[in-house]
Amino acid sequence: MRRDSQWHRAAAILALAWFLLPVCLARQKIPDTEKLLFDAANRERAGRKLSLLKWDEALARAARKHAELMAEQDLLEHRLSGEPDLPTRASNAGANFSHITENIGMAVSADRFHEGWMHSPGHRANILDAESDSVGIAVVEGSEELYAVEDFSRAVAALSIEEQEKRVGELLVSRGLHLLDLGADSRKSCKLDRDYVGNSKPKYITHYETPDISRLPETVEREIQSRRYKSAAVGACPQKVAAGFTRFRIAVLLY
C-alpha cells in the first residue's frame, strides 16, 4: 500500500507540472511548430517519469541559427564548414550549461521529426537524457523540405562574482565556520590557481571549478569535519576558457 501511495503521489505531481506547463509556454510565445516538438519531447519524458524540459530561449536562438545555415546550404550536418562547434554556438547565443546535446533532422512536414528521432537510438537518447533539463528548438523552411534542430542542455545559473561568493559562503557558515572578509585578497588568490595572496596565511586552501555551486568539494568537507578550523574565506573569479561550458571558479581558505 505504501509503494502504491508513493506512486500515486508522484503521478499527481507530474500531472500538475504537465497541467501548468501550457501557462508557462504562453508567456514565452513559442512558435507553434517548435511547440509541437517541445510538447512531444515532454510527453515522452513524462511517460517515463523523467523531469520535464524547460524552454531555453538562448538555446532556441542557437538552434535557429544552425537550422538556417543548414537550409541555406541544403546540408544536414551538426557542424557546417566554418561554423563553431555546438557548445560555442550555444554559449555565443547566451546559454549557460554544463552538458549539451543536439538533434537535427530534415522532413517534408513538422510532424515527421519527432517520430523519426524516437526511432533513432542516438536522437532518442538525447530526448530522454536525464541529465538534460532545458531545450531550445527551431524549424526552418528549406528549398524543398524543413530543417529542425533541438538543442538540449543542463542549464547553469548565471551568477555574478558576488553571488558566487555569497552562495559558497553560506555553505561554509552552515557548517559552523565564521566567514571572514579578506577584501580583494580572496579573489586574487582565486586567480592564482594555487597558494594565496595577502598577509593572513590560511591553514588550508583549495582551488576548484564546478558547474554545481550548491555543493562543496569532498576534500573541503573532510577538512571542515576535522574540526581544525574556526573561520573561512571565499573568493570567486572568472572561469578559464572552457569551450562554452559554464563552470564556477572558487578558492576556499580555512583558518
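Computed from a predicted structure; not experimentally measured. (Residues numbered from 1 in each chain as written. Predicted model: local features only at pLDDT ≥ 70, side-chain atom pairs only at ≥ 80, totals over all residues. Heavy atoms only, no water.)

For the protein chain, the helix and strand inventory stands at 9 helices and 8 strands. The contacts in the protein chain between residues at least 6 apart in sequence include a share of 69% that link residues at least 24 apart. Element-wise, carbon and sulfur atoms account for 51% of the exposed surface of the protein chain, whose accessible area totals about 14300 Å². (Helix = DSSP H or I, 4+ residues; strand = E, 2+ residues; numbered from the N terminus. Contact = heavy atoms within 4.5 Å. Areas by Shrake-Rupley, 256 points an atom, 1.4 Å probe, with all protein chains shown as cover.)

With burial as the criterion, only one face of strand β6 (residues 204–210) is covered, namely that bearing Y204, T206, Y208 and T210; the residues I205, H207 and E209 on the opposite face remain uncovered. In this structure, β6 lies alongside strand β8 (residues 248–254), joined through 7 bridges in antiparallel fashion. Note on β8: the bridge partner recorded for I205 is L253. (Buried < 20%, exposed > 50% of the residue type's maximum accessible area, 1.4 Å probe, protein only. Pairing = 2+ DSSP bridges.)

Attention now moves to the pattern of salt bridges. Enumeration according to the criterion identifies 17 salt bridges in this entry. Where E131 meets R154, a salt bridge forms, and the shortest distance between an N and an O atom there is 3.8 Å. Pair noted here: E131 is in the loop between α6 (121–127) and β3 (134–141) and R154 is in strand β4 (residues 146–155), with a separation of 23 residues, a long-range link. By relative accessible area, E131 is classed as partly exposed at 44%. Overall, the relative accessible area of 30% leaves R154 in the partly exposed class. A salt bridge links R215 to D212; its shortest N-O distance comes to 3.1 Å. In this structure, a network of salt bridges that share partners links the residues K54, E131, D133 and R154. (Salt bridge = Lys/Arg side-chain N within 4 Å of Asp/Glu carboxyl O.)

A word on the sheet that holds β3. Ordered in space as β1-β3-β4-β2, the 4 strands form an open sheet in which the pairing is mixed. Each having just a single partner strand, β1 (54–55) and β2 (97–107) make up the two edges of the open sheet. Note: β1 against β3, 2 bridges, orientation parallel. Across the sheet, the residue bridging to K54 is S134, located in β3. Running at roughly 135° to β3, helix α2 (residues 32–47) makes contact with β1, β3 and β4 of the sheet. Together, β1, β2, β3 and β4 form the strand contacts of helix α3 (residues 57–73), whose direction differs from that of β3 by roughly 30°. (Axes fitted to C-alpha atoms, helices over the stretch in contact; angles between N-to-C directions.)

Turning next to the nonpolar core. Among the nonpolar cores identified, the biggest contains 21 residues, and L37, F113 and I127 are the most heavily contacted of them. For this core, the secondary structure elements donating two or more residues are α2, α5 (113–118), β3 and β4. Residues in contact with I127, not counting those within four places in the same chain, are A41, E44, R45, N103, H114, W117, M118, E150 and F152. In this structure, L159, L171, Y204 and A236 belong to the second largest nonpolar core, which totals 20 residues. (Core = buried A, V, L, I, M, F, W, Y, C linked by side-chain atoms within 4.5 Å.)

Read from one edge of the open sheet, 4 strands run β5-β7-β8-β6, paired in mixed fashion. The two strands at the open ends of the sheet, each matched to only one other strand, are β5 (178–179) and β6. Inspection of the sheet shows β5 paired to strand β7 (residues 231–237) by 2 bridges, in the parallel sense. Residue pairing in the sheet places H178 in a bridge with S231 of β7. The sheet strands contacting helix α7 (residues 161–174) are β5, β6, β7 and β8, and the helix crosses β7 at an angle near 155°. Packing against the sheet, helix α9 (residues 218–225) makes contact with β6 and β8, and its axis sits at approximately 150° to β6.

Moving on: the confidence of the model for the protein chain. Chain-level pLDDT for the protein chain is 90 on average; 89% of the residues reach the 70-or-more range. A low-confidence stretch, residues 1–27 stays under pLDDT 50, and its non-local contacts, those more than four residues away or across chains, total 16 contacts. (pLDDT = per-residue confidence, 0-100.)

Moving on, we come to the state of the cysteines. Here a disulfide denotes a covalent bond joining the sulfur atom of one cysteine to the sulfur atom of another. A full pass over the atoms with the stated rule returns 1 disulfide. The residue that forms a disulfide with C190 is C237, at a sulfur-sulfur distance of 2.1 Å. Taking the sign of the torsion about the S-S bond as the criterion, the disulfide between C190 and C237, at about -65°, is left-handed. Within this pair, whereas C190 is found in helix α8 (residues 184–192), its partner C237 is found in strand β7, the two being separated by 47 residues in sequence. Owing to a relative accessible area of 2%, C237 belongs among the buried residues under this scheme. (Disulfide = S-S within 2.5 Å.)

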